[in-house]
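Coordinates in review
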Amino acid sequence: MIDYRTLDVPGPTITDLSRPFWEAAARGRLTIQHCTSCNRGVFYPRPLCPHCWADALEWRDASGKGTLTSFSQIWKPGHPGWLPAVPYYVGLVQLSEGPTMLSHIVDERRSIRVGDQLVFKSVPTGSRILPFFHKI
Ligand SMILES: [Zn+2]
């Protein structure tokens, strides 16, 4: 089992728009935008709702539950800081609130399948706390 705290990996580029997501993740919460005009969840962070174009987006805590819709096993990471973690999984998670999120997927048994139920969990790395999903 990898100790992610030992990884020296680059953190995300945090903007004013995405700051609420990253600050919530650092506190162990999954927070996404919600459109109060069409009542749909929105991810990634943006200034207008992609469904109805309203500027009526607010931040709400999500359930943290989702379904794996696609994944890849990574053997050659894009940054050498991830080398101690290979092989690891990156996948698309459809949140129970609707939006799809690209995330690191933790499964120590290495038995993930499309359709698996996942749960959000923030994981400290050497440089930053990152949002991951774990197989239930
Ligand atoms: Zn909307």
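The sections below set out a description of the structure shown in this document. In this text the structure is predicted, and so the values were computed from the model without any measurement.

Glancing now at the coordination of the zinc ion. Here the zinc ion is held by the protein donor atoms C35 (SG), C38 (SG), C49 (SG) and C52 (SG), which lie 2.3 to 2.4 Å from it. In this structure, the zinc ion is coordinated by 4 donor atoms arranged in tetrahedral fashion, with angles at the metal of 105 to 116°. Here the donor residues of the zinc ion are spaced in sequence according to C-x2-C-x10-C-x2-C. With C35 in strand β1 (residues 31-35) and C49 in the loop between β2 (41-42) and β3 (57-61), this residue pair connects regions lying 14 residues apart in the sequence. In this structure C35 comes out as buried when scored by relative accessible area, which is 0%. Judged by its relative accessible area of 0%, C49 is buried.

Below, the discussion takes up the sheet that holds β1. Reading across from one edge, β2-β1-β3 is the order of the 3 strands in this open sheet, with antiparallel pairing throughout. Either end of the sheet is taken by a strand with one partner, and the two such strands are β2 and β3. As defined by bridge partners, β1 adjoins β2 across 2 bridges and the pair is classed as antiparallel. Directly across from H34, in β2, lies its bridge partner G41.

Looking at the secondary structure, you find Q33 in strand β1. Residue Q33 is classed as buried on the basis of its relative accessible area of 4%. When near neighbours in sequence (up to four residues on either side) are disregarded, Q33 contacts L17, R40, G41, V42, Y44, P45, R46, L57, E58 and W59.

Here we take up the nonpolar core. Where a protein is soluble and globular, its nonpolar side chains tend to be buried together. Formed by 27 residues in total, the largest nonpolar core has its most connected members in L30, W82, M101, I105 and F133. Listing elements by their share of this core, those giving two or more residues are α1 (19-26), β5 (88-95), β6 (100-106), β7 (117-124) and β8 (129-135). The biggest single contributor to this core is β5, with 4 residues. Dropping the residues within four chain positions of it, L30 is found in contact with F21, R60, D61, A62, G64, L95, M101, F120 and F133.

Before going further, it helps to spend a moment on the pairing of β8. For β8, the tally of buried residues reaches 5 of 7 residues, placing the bulk of the element in the interior. Of the strand pairs in this sheet, β6 and β8 are connected by 3 bridges, and their pairing is parallel. Its bridge partner being in β8, H104 is matched across the sheet by F132. With 7 bridges joining them, β7 and β8 adopt antiparallel strand pairing. Bridging from a neighbouring strand, K121 pairs with F132 of β8. Counting the residues that bridge the hairpin from β7 to β8 gives 4 residues.

Rules of the game
Residues numbered from 1 in each chain as written. Predicted model: local features only at pLDDT ≥ 70, side-chain atom pairs only at ≥ 80, totals over all residues. Heavy atoms only, no water. Donors = N, O, S within 2.8 Å, 3.2 Å for Na, K, Ca; no water. Tetrahedral: all angles 85-135°; square planar, octahedral: opposite > 155°, others 65-115°. Helix = DSSP H or I, 4+ residues; strand = E, 2+ residues; numbered from the N terminus. Buried < 20%, exposed > 50% of the residue type's maximum accessible area, 1.4 Å probe, protein only. Pairing = 2+ DSSP bridges. Contact = heavy atoms within 4.5 Å. Core = buried A, V, L, I, M, F, W, Y, C linked by side-chain atoms within 4.5 Å.

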